[in-house]
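Remarks on the overall topology
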Amino acid sequence: MNEFVRATLETVYMVFTSSFVAVVVGLPLGVLLILMRPEGLRPKPHLYRVLDVVINVLRSIPFMILMIVVFPLSRLLVGRATGTTATIVPLAIVAIPFVARIMEQGFLEVDYGVLEAGLACGATIGQLVRTVLVPEALPALVNGITITIINIIGNSAMAGAIGGGGLGDLAIRYGLYRRNPVNLLVSVAITIALVQLVQFFGRLIENRLRHDGTSTAL
Amino acid sequence: MSREGQANPGGNTTFNARPGIRSDSETGVFNWWTRERIEDENNGHTIEAAESYLLLVKVKAICSSRAVHSYVDVRQIQVKARKMCVIRVEHLNKSFLLDKTVIHAVNDVSFSVDEGEVFGLIGLSGAGKSTLVRCLNLLERPDSGEVWFDGLNLVEQDGSILREKRSRMGIIFQHFNLFMRKTVWENVAYPLRIAGKRTKELTPRVEELLDYIGLKAHARSYPAELSGGQQQRVGIARALAMSPRLLLSDEATSALDPVNTELVLSLLRKVVDDLGIAVVLITHQMEVAKALCDRIAVMENGRIIEENTVEELFLRPRHAVTRHMTRGFDEDMSLEHLTELISAPVYRLGFRTQSVTRPLISGISRRFNVDANILAGNINALVGGDVGYLVVSFEGDETAVRSALSSLHEDGVEILKLEPTNGHNDGAGIHIKEVVR
């Protein structure tokens, strides 16, 4: 198989698996955050402060450092510390607090009056989250997920530097170390194309979900 | 859509067969509502409510000559003249901490509303009206006091009982608060879905409501595609979905233009007339209050400072805020009344600053030999100077009256002829026609 095709597939596999894990864990965290905010529906100001700080701390750790720190965890979870599958672990861990925060921001866009209307209809908090909060915030959530995937694409390229595989690996080993500018440029071009593709489809879905007459240019 | 013969989910009422009831959209909503009440009754909840509601049905049915007697008779319900109290509020208090100062948003408020009654809460912005209405369905938990609804003090309730009672109070909002990512259809269906009804069960009800508000054609549209007035109608349909006994209206027309305000108000009026539910209507617009309310309470600084029937409130406003809010209407009322009573043409003479202090009327009375009958008058101190008006009818020779008027006109008096509107009792007041010369 062509080196580029293999590397691209590796990147896509890493990015989408870790994005999936990050959203599955980060979305409920985002819901917890929005509910626990001091002005939220289930205010827990102290717990919120703690979570807030934890998220900020996790978000400020550089990816390279975190990747090395979680080597033991990767080894535990997938059997080895380097390689494509192993890289999913740090990619997802870095993205989780990011997703939680960006989902929280997305939920903030939902007008409190609309939530009030749901409550007035007799909804429980759980029903409200499922039937009002998430659907109403969905375009913002899709936008957040788009940004997350693009971030992870960037991080995955970095992961290539320490044996993560994928396009980053290709660019560094075959492009940089072997001084082959064509390899380097093609890897970078494919990465850019991936980002553009994700951005395009993200916006497309976001606009489709809006139904409020506004839309972002594609 | 036919409702006769439909299976009743409760299965234990005798009301499925109701020969003779027309099944147009109006009675459709009507019937559904009644059936809900009867189901409640069978659960032993609101026997009294059902009884007095059936009385209402019967009266309305007789009025509109619909053959509803039979099923009322079948029930052999003892007719009660007394109306049911739907909500009773006792000594309600709610305060906030804002910038380290305590804001007493609701201060010892008590009132009650009967079914079929529209209770208006008016007051200027910041008077505590919106907080009060949120305390009624416990979206805000009051600090102290009681809210009696459906036989329970809601303040003492929480969890599923509170949610169930809350769903029995419809609420409409100033900014509609529709679910923007759901279609009109899904918006109206929402409370029913929350109540656990399946699509098949709730479809007839949703269709009925959409028909009732006249937006069946927009069922698949999203709220953003509708005008403000249409959105509020969807809001009303959503609020009515659970057949509430009480409708809370929080500045429902404040974000609408006059035409849409009119449309929404007439729909609300129709809802009250058709369903006989109680309404707590919050507004700062006197126009709205006078168009709908039976009784009005005036709020200031979290307190109800005055409460009365609409007529009494306008005739004898006791507090400054009330007088301020009723002034325009007060004038309209008396003028309309007067122009109907007096056969001679009635004029409104507007005096500018320079003519306010001059004895113009007695002057023309002497010069042209006409009798001026002064009906009303006022002087308003404005920023640009004092302006005043007199409402006058002139008796005398027609040409003399005309020359008297043109003399007044030369003295800088603005002359308007007032004519009563015929046949309209919508509170719109009098028709004012400019004098052509």
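See the structure shown above.
Residues numbered from 1 in each chain as written. Chains lettered and ligands numbered in written order. Predicted model: local features only at pLDDT ≥ 70, side-chain atom pairs only at ≥ 80, totals over all residues.

Here's the deal with the sheet that holds strand β6 (residues 169–172) of chain B
All names here are of chain B. The strand order across the open sheet formed by six strands is β6-β7-β8-β3-β9-β10, and the pairing between neighbours is mixed. The strands lining the two open edges of the sheet, one partner per strand, are β6 and β10 (303–309). Within the sheet, the average angular offset between the axes of one strand and its neighbour, ignoring direction, is 15°. One ladder, built from four bridges, connects β6 with strand β7 (residues 246–250); its direction is parallel. Across the sheet, residue Ile 172 finds its bridge partner in β7, namely Ser 249. (Pairing = 2+ DSSP bridges. Helix = DSSP H or I, 4+ residues; strand = E, 2+ residues; numbered from the N terminus. Axes fitted to C-alpha atoms, helices over the stretch in contact; angles between N-to-C directions.)

Details of the environment of B:Leu139
Relative to the elements of secondary structure, B:Leu139 occurs in the loop between α4 (129–136) and β4 (144–149). Separated by 127 residues in the primary sequence, B:Leu139 and B:Ser266 have C-alpha atoms spaced 28 Å apart. In contact with B:Leu139, not counting residues within four places along its chain, are A:Glu116, A:Leu119, A:Ala120 and B:Arg134. (Contact = placed C-beta atoms within 7 Å.)

Some points on unusual backbone geometry
Residue and element names in this part refer to chain B. One non-glycine residue with positive phi stands out, namely His 91, at about 45°. Within the element layout of this structure, His 91 appears in strand β1 (residues 85–98). Looking at His 91, the number of C-beta atoms within 10 Å reads 12, which means it is exposed. For Glu 251, which is not a glycine, the phi torsion comes out positive at approximately 55°. (Buried ≥ 20, exposed ≤ 12 C-beta atoms within 10 Å, placed from the backbone.)

Focus: the nonpolar core
Residues and elements named next belong to chain B. Val 188, Ala 237, Leu 246 and Val 280 are the most contacted members of the largest nonpolar core, which totals 137 residues. Once residues lying within four places of it in the same chain are set aside, the contact partners of Ala 237 are Val 188, Leu 209, Leu 210, Tyr 212 and Ile 213. Core analysis: the second largest hydrophobic core is formed by 19 residues, Val 346, Val 370, Leu 375 and Leu 405 among them. (Core = buried A, V, L, I, M, F, W, Y, C linked by C-beta atoms within 7 Å.)

A word on the interface of chain A and chain B
Chain A puts 19 residues into the contact, and the matching count from chain B is 19 residues. Broken down by secondary-structure element, the contributors of at least two residues to the side of chain A that touches chain B are α6 (112–120) and α7 (125–159) of chain A. In terms of residue count, the dominant contributor to the side of chain A that touches chain B is α6(A) (six residues). By residue class, the composition of the side of chain A that touches chain B is ten nonpolar, six polar and three charged. (Nonpolar A, V, L, I, M, F, W, Y, C, P; charged D, E, K, R; others polar.)

A look at the sheet that holds strand β5 (residues 152–153) of chain B
Residue and element names in this part refer to chain B. If you walk across this open sheet you meet the four strands as β2-β1-β4-β5, and the pairing is antiparallel. This sheet does not close on itself; its edge strands, each paired only once, are β2 (101–114) and β5. As paired elements, β1 and β4 share five bridges and run antiparallel to each other. Each bridged residue has a counterpart across the sheet, and for Glu 90 the counterpart in β4 is Glu 146. Against the sheet, α4 engages β1, β2 and β4, with an angle of about 60° to β2.

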